[in-house]
Amino acid sequence: FKNMRLIRLMNILILFGLCSTSLIHAQIGVHGDVFIASNGAVGTFAPELHFFEGHIQTTDQNAGHINFAPNAHAFDAHNGSHVVAPVVSKSHTSFVFPVGDQGVYQPMMITEGSADELTVKFNLRAFPNTQPNRAIEQISNRFYWAVDGDKEALLSLTWNSFSELTFLTDELAALVMVGYNGTDWEVIPAIVDPFSLDGNSPTSLREGSIRSIDPVRFSRFEALSLGSVVLDTSLKVSEGLTPNGDNINDRWYIENIERYPDAHIWVYSRWGAEVFHQAGNYTNNWDATYKNNTKKLPSAPYLYQIDQDNNGSIDLRGWIYITY
């Protein structure tokens, strides 16, 4: 340590055997805050554990735990330096697990957590069971986090270029957080963050993070990963329009119309007169004005037609009802 706050990991390799005489090789200065237990587990009390170069790893991927005391946190982990072993969070309410595998750093974060312990191990390989179900189209066969503990906390999972999310989906909206309950995978309600976990890059399929909406009960799951669902991209047309200025149904709403920027839309009176036409890029903004001028159409039923791909074929037709 440097000033009791700094670990300089220089090509560090920590090896733990399965017997009581654990074999340890390291180039590291230890002046306090780190302990090695009789079972080969490493722990730290350092408030700030800084990674520089090299990986902490064990011969048994599930035996040599790296324990972080309640006030200890890891900083500066990256692809070239992180923990390639199970990391134990000791009663942290917020914690970033500095985990990775095969030279890939892929952290997991908790916030607003309970005081219980949680053990996390990242694996850059497929979980033994990646069979999807009716609610999930695909489960990543590239990576997963093994978890063990009774903690409840908000959860953030990450991905990077090594995660190869394009094999899961080509749309961020289809990405989901999933947990394996010992029998099946479940969708954990979550939202995609606008930026990656470090806040430096806008979220994309190449890099980003996703966080749970509600606290996750980790005792329910033995593994966490990312998956994809089938998006409903069909157009759903609102049949009611009440443009009376109360901000409720004042504009004609077509769900998923943004997915069809070339869509042509027509609205006709009962006598076949065209009263509205939008040639692409409809933004759900029509407020029942006659041909987009300021004059409002009278209360009545109106026929609509939509060519969603602008290929000359009408895909949807029906009636909307304008009332005041």
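Our subject is the structure that appears above.
Remember, predicted model here, so these are calculated numbers, not experimental data.

Rules behind the numbers
- Residues numbered from 1 in each chain as written.
- Predicted model: local features only at pLDDT ≥ 70, side-chain atom pairs only at ≥ 80, totals over all residues.
- Heavy atoms only, no water.
- Helix = DSSP H or I, 4+ residues; strand = E, 2+ residues; numbered from the N terminus.
- Buried < 20%, exposed > 50% of the residue type's maximum accessible area, 1.4 Å probe, protein only.
- Polar contact = N/O pair within 3.5 Å; in protein donor to acceptor, adjacent residues only side chain to side chain.
- Contact = heavy atoms within 4.5 Å.
- Phe/Tyr/Trp six-rings, centres within 6.5 Å; stacked < 30°, edge-to-face > 60°.
- Salt bridge = Lys/Arg side-chain N within 4 Å of Asp/Glu carboxyl O.
- Pairing = 2+ DSSP bridges.
- Lys, Arg positive; Asp, Glu negative; His and termini not counted.
- Core = buried A, V, L, I, M, F, W, Y, C linked by side-chain atoms within 4.5 Å.

### Topic: the side chain of Ser 196
- Positionally, Ser 196 belongs in the loop between strand E19 (190-192) and strand E20 (208-212).
- Owing to a relative accessible area of 7%, Ser 196 belongs among the buried residues under this scheme.
- Looking at Ser 196, its side chain comes within polar contact range of the side chain of Asp 198, at 2.6 Å.
- With residues up to four places along the chain from it excluded, the contact list for Ser 196 reads Ser 201, Thr 203, Glu 207, Gly 208 and Ser 209.

### Quick word on the packing of aromatic side chains
- Here the structure, examined in full by the defined rule, presents 14 aromatic pairs.
- Note on Tyr 180 and Trp 185: the rings are 5.3 Å apart at their centroids and 55 degrees apart in plane angle, and the pair reads as tilted.
- By way of ring pairs, the aromatic residues Trp 252, Phe 276, Tyr 282, Trp 286 and Tyr 304 are connected into one cluster.

### Quick look at the pattern of salt bridges
- Counted under the stated rule, the structure contains seven salt bridges.
- Its salt-bridge partner being Asp 101, residue Arg 125 comes within 4.0 Å of it at the nearest N-O pair. You can see Arg 125 sitting in the loop between strand E13 (118-123) and strand E14 (138-139) and its partner Asp 101 sitting in strand E10 (residues 100-101), a full 24 residues away along the chain.
- When its relative accessible area of 43% is taken as the criterion, Arg 125 is described as partly exposed.
- With its nearest N and O atoms 3.3 Å apart, the salt bridge here joins Asp 287 to Lys 296.
- For Lys 296, a relative accessible area of 35% translates into the label partly exposed.

### Quick look at the sheet that holds strand E28 (residues 300-307)
- Taken together, five strands build an open sheet; the order of strands is E24-E29-E28-E26-E27 and the sheet is mixed. Where the open sheet ends on each side, the last strands, each with one partner, are strand E24 (240-241) and strand E27 (274-279).
- In this sheet, E28 lies alongside strand E26 (residues 264-268) in antiparallel orientation, the contact comprising five bridges. Bridging across to E28, Trp 266 finds its partner in Gln 305.

### Remarks on the environment of Met 177
- For Met 177, the location among the structural elements is in strand E17 (residues 175-180).
- Note on Met 177: relative accessible area 0%, which makes it buried.
- For the pair Met 177 and Ile 210, spaced 33 residues apart in the sequence, the C-alpha separation amounts to 7.2 Å.

### Let's talk about the side chain of Asp 250
- Structurally, Asp 250 can be placed in the loop between E24 and strand E25 (254-255).
- Of the buried charged residues, Asp 250 lacks a salt bridge, with Arg 251 as the closest side chain of opposite charge at 5.2 Å.
- Within polar-contact distance, the side chain of Asp 250 engages the backbone nitrogen of Gly 245 at 3.3 Å.
- Those residues in contact with Asp 250, other than ones at most four positions away along the chain, are Leu 241, Thr 242, Pro 243, Asn 244, Gly 245, Trp 286 and Asp 287.

### Observations regarding the nonpolar core
- Ranked by internal contacts, the top residues of the largest apolar core, which has 42 residues, are Phe 97, Met 108, Trp 145, Leu 157, Phe 218, Leu 224 and Leu 226.
- If you tally residues by element for this core, the top one is strand E16 (residues 152-159), at four residues.
- Apart from the residues within four sequence positions on either side, Leu 224 is in contact with Met 108, Tyr 144, Trp 145, Val 147, Leu 155, Leu 157, Val 178, Gly 179, Trp 185, Ile 188 and Phe 218.
- Counting 22 residues, the second-largest nonpolar core is a separate cluster that includes Val 267, Phe 276, Ala 288 and Ile 320.

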